[in-house]
Structures are given as C-alpha cells and as structure tokens.
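Fold and geometry: a report
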Amino acid sequence: MGGLLSSLPYFLEGVLVTLLFGWIFSRWWARGLRDKADSVLALARKEGELHARELRSQAEQEIARARAAFQEQQQRVETEFAETRAHVEGRADDLGRLESFFNGRRGEIEALRDQLERQTQLYRVRLREVATLDEADLRAALREEVRKECEAELRDQRNELRARAETELKDEGRRILIDSLQRLTSTVPAEIGATLVRLPGEEMKGRIIGREGRNIKAFESATGVTLMIDETPDTVLVSSFDPVRREIARLALERLVADGRIHPASIEETVRAADAEIRDSVNTLGEKAVLRLRLSRVHPELVSLLGKLHFRLSNNQNTLDHSVEVAFISSLLASELGLDPEPAKRAGLFHDLGKAMDREVEGSHAIAASNLLRAYSEDPRVVNAVAAHHQEVPPESVYAPLLIIADTLSAARPGARSESIEGYLQRVHSLEEVARAFPGVTEAYAVQAGREVRVIVAPERITDLEARQLAQDLRRRIEDELNYPGSIKITVIREARYSEVAK
C-alpha cells in the first residue's frame, strides 16, 4: 500500500503530462483545421467572386446584345414608319394631282359637250338650208367642201415634203463635205521664226562676228535678219519674221561658211547672189503647184505669181499651200455635186494671186487677181469666182459659192492658222512701213523680234545731224501711231563707201 502511495505522484504526473500533450496536440490539430477551413473558405470566396464576375460579364453582354437588337428594331420600325408616311404623303399628292386632272378633264368634257351641242345646232341649221336647195346647188356645195378639205391636206403634205427635202439636203451636204475632207490630207503649219545653220567648228563663230562685230553687222544690214550666236555648239540661229529674208540669209550664210572668206564685201556679193537665186526659184515653185494639180494652159506670168505666194503667209499659213489645198477641196466638192472639177480647181488655185502682185495695183487682192485672170483669157466662171470669193461682187455661177466654202474650210480647220503670230507680223511690218515713210530712207528692217528697227539712209541725202534728228522723229511717230509691248530700239545707219578697180 505504501508502495502504491509512493508511486501515485508519478502516475499523476504522467497523467498530467499526457493530458498536457493531448491538449497541446488538440490545440495544434484545431489550429490546422481552422487554417485549412480558412484556406478553403478563401478559395471558395475567390471562386465565387470569379463566377460572379463572369456571370456579370455575361449579363452585360446579354444586355448589350438586347439593347442593340432593340435599337436596330427601333430604327427599322422608324424607317418603315417614315417610308409608310412618305408613301401615304405621295399617295395623297397623287390623289391631289388625280383630282386636279379629273377636274380639268371635267372642264374639257363640259367644253366638248357645249361644242357638240353647237355643232348639232349648226348641222340642224345646215340641214334645213340643204332641204331648200336643189341638186345643182348641193353638188356645188359638196364640191366646194371637198376642195377646201383637199387644199388643207395638200398644204400639210407640201409643208411635210419641204421639211423633209431640207433635212435631206442638209444631210447630203454634210456627207459631201465629210467625204471631200476625208480625201484631203494636209500638213498643219507650225510657227517658224528662226532657222538653224550648222557650222564646221566653233572658230567659225568668231569669223562670222568679225573684228569689232563688223562682219555680223554687215550681214544683218544686208539681209535684214538677226544672227543669234550663243553657247550652242556649232550652230547659228537666223531669226526673222519674213520667210524670204530668212531663206536668203540662210543660203548666203551657208555659202560664206563653205567658202571661208567672210568680210563685208564678200557678204554683200553672196547676199545678192542668194537673193537672185531665191527670186529665180519662184517659177519652179509655181510649176510644182501646177503639176501637182495637173492643170494645163497656165500662163507663165501666173506661174511666177504662184511661186511668189510660197513666201507669203496668212495667219502663219503658207499662201501657196493654202491655194493648193483650196483647189483640191473645190475640185472634190464639184465632183461630188456632179459639176466640172476643172474650173473649181483653177479658181481655188488662183483665188489669192492678188497677194503676190505689186502694191501699185489698185483694189483688193480678189479684184486684182480677177482682173489679171481676165487679161490672160481665163474662163469667165473662174474670173467671177475669184472676184466673188470675198463677196465683193455677186456670184454668177455655182463655182463662186464652192470657192467660198473651200476657202473657209481650209482656213478654219484646226491648226491651219495661228492668230498669235499674225499680230506679231503685223507689228513688225508696221514698224518697217513707218520707218520707210521718212524721206532719205533706203531700207528699214525690224529685228530682235520687233524690239529693234534698223534704218539705212542714203548718205548723199542725209547728213549726220539729220540722221540723229531722223531717229528722234521716228521715235515720236512710233510712240504716237503704234501699240507695242516693252520698248523699241531705233538705230539709224549712215555709211558711205568708195571703191575703185585697179587694172
């Protein structure tokens, strides 16, 4: 017993230790369970939030789709409503127009009813009148009625035939013009105011200019052109508004370059030879035009005048080429109309001959040409057509209107003429004419595109002081009489030369 009591404290201590360990273990176990429960609860809370967020997103998407569908349906309903309203308003307008139409027709019907009643009354009156007529009177009245009806019908048919004939004639005339022009080929002229001359080398430019520019001055004074020598290699530009002067200058310059001897005396001699050669070439040009048109019995004087037309321009259109073109058009039109093409062709070729005649011949170029043709026993139809192509005299045959049409077609086709260069040519011609009008002036040339006029005076008639005064008088007259852009330089040249021949 005593041993049991002695071991009791150890037992109780073991029990307490066991209980203490059990309590500690239970507390640890409970804390682990609580922590696990907290983690499970937090996880469940996160999953709940995610699920709720997903449900909220889906709900918002459903709401947006529902709202879009509602708006689309609302817009469709509004559109259908607007269309229905417009349709109803349109039907209302149609009903209003129909009502107005029926009201108007009702008035017409009333007017027709009134007219029918008046006609009925008139027929009743006529029937009563007819009842009192005999057979001869009835036949006469019936004949008069038929005659009136036939006259009205014939008048309508005549007007219809006249309108149809005018339309057919216009179509036929258009066809003839188109067919004639399609058979004609021509070259569109270009504005040419300069010519290039090739040189064998750059050293030739210095020889052309000469010491202190005496060679180029002599060349420009003798030809009336402007030599433009710039940095362009191996070329010299010959500039002039007059094609005859430009061609003479080109030919003379090419010969001087080929000969190599360039000085004032050789320049004057070469220019005179080139001028004579160009003047002699007019016969060849006229003969080519006549052969091209296959004409015969053309007087040599007329051939020479035709060649001169090659060096004359009308609104930048070569006058000889224009005359040949008019001859072709006149011939084609005459052939299409079943007329003799020979007089039409001759009238077209000769219609501008007056432009090549001297200024001493009085009258317009049409009248002057017709007088010349009459003097050389040309066909009277050709003479009248040439005289009447500017409507200065009345036409006596169909060839005059044909010539007028052909002349108009040749001048009016696109690119045939240029009005810009015509004003320029008129200005430079006016400059030269004003200068030549002064006494003592032998020659006058407009150069530098009309910005300078060079006047050559006779030294035995004009002194140095008079030459200076002439320049001032010419300046004042140009300022008073001419319209020009910019300024114009006036140069008066008075030069005396003396030469002897040693034998």
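See above for the structure.
In what follows, the accompanying structure is described. All of these numbers come straight from a predicted model, not from anything done at the bench.

1. Here we look at the environment of E110
Examined against the element boundaries, E110 turns out to sit in helix α1 (residues 2-131). Within the local environment of E110, its side chain forms a polar contact with the side chain of R113, the two groups lying 2.8 Å apart.

2. A closer look at the pairing of strand β6 (residues 441-447)
β6 sits mainly inside the fold: 5 of its 7 residues count as buried. Note that β6 and strand β7 (residues 452-457) share 6 bridges and pair antiparallel. Counted as the bridge partner of V447 is E452 from β7.

3. Describing the environment of R494
Relative to the elements of secondary structure, R494 occurs in the segment after β8 (489-493). Relative accessible area serves as the criterion here: at 33%, R494 is assigned to the partly exposed category. Measuring from C-alpha to C-alpha, the distance between R494 and D464 comes to 7.4 Å, with 30 residues separating the pair along the chain. When sequence neighbours within four positions are dropped, the list of residues in contact with R494 reads V457, P459, I462, T463 and D464. From its side chain, R494 meets the backbone oxygen of I462 in a polar contact 2.3 Å long. A distance of 3.0 Å separates a polar atom in the side chain of R494 from a polar atom in the side chain of D464.

4. A closer look at the pairing of strand β3 (residues 235-239)
Burial within β3 is extensive, with 4 of its 5 residues counted as buried. Following strand β2 (residues 226-228), the chain reverses through 6 residues before pairing antiparallel with β3; D234 in that reversal takes a positive phi of roughly 60°.

5. A short note on the nonpolar core
Soluble globular proteins tend to pack their nonpolar side chains together in the buried interior. In terms of nonpolar packing, the biggest core is built from 65 residues, with I208, F219, L253, L349, F350 and L353 touching the most fellow members. For this core, the element with the highest residue contribution is helix α6 (residues 264-293), accounting for 9 residues. Once residues lying within four places of it in the same chain are set aside, the contact partners of L253 are V197, I208, F219, L227, V236 and V238. If you look at the next biggest cluster of nonpolar residues, it comprises 18 residues, including A435, V455, L482 and I488.

Criteria and cut-off values
- Residues numbered from 1 in each chain as written.
- Predicted model: local features only at pLDDT ≥ 70, side-chain atom pairs only at ≥ 80, totals over all residues.
- Heavy atoms only, no water.
- Helix = DSSP H or I, 4+ residues; strand = E, 2+ residues; numbered from the N terminus.
- Polar contact = N/O pair within 3.5 Å; in protein donor to acceptor, adjacent residues only side chain to side chain.
- Buried < 20%, exposed > 50% of the residue type's maximum accessible area, 1.4 Å probe, protein only.
- Pairing = 2+ DSSP bridges.
- Contact = heavy atoms within 4.5 Å.
- Core = buried A, V, L, I, M, F, W, Y, C linked by side-chain atoms within 4.5 Å.

This is a description of form; function is not addressed.
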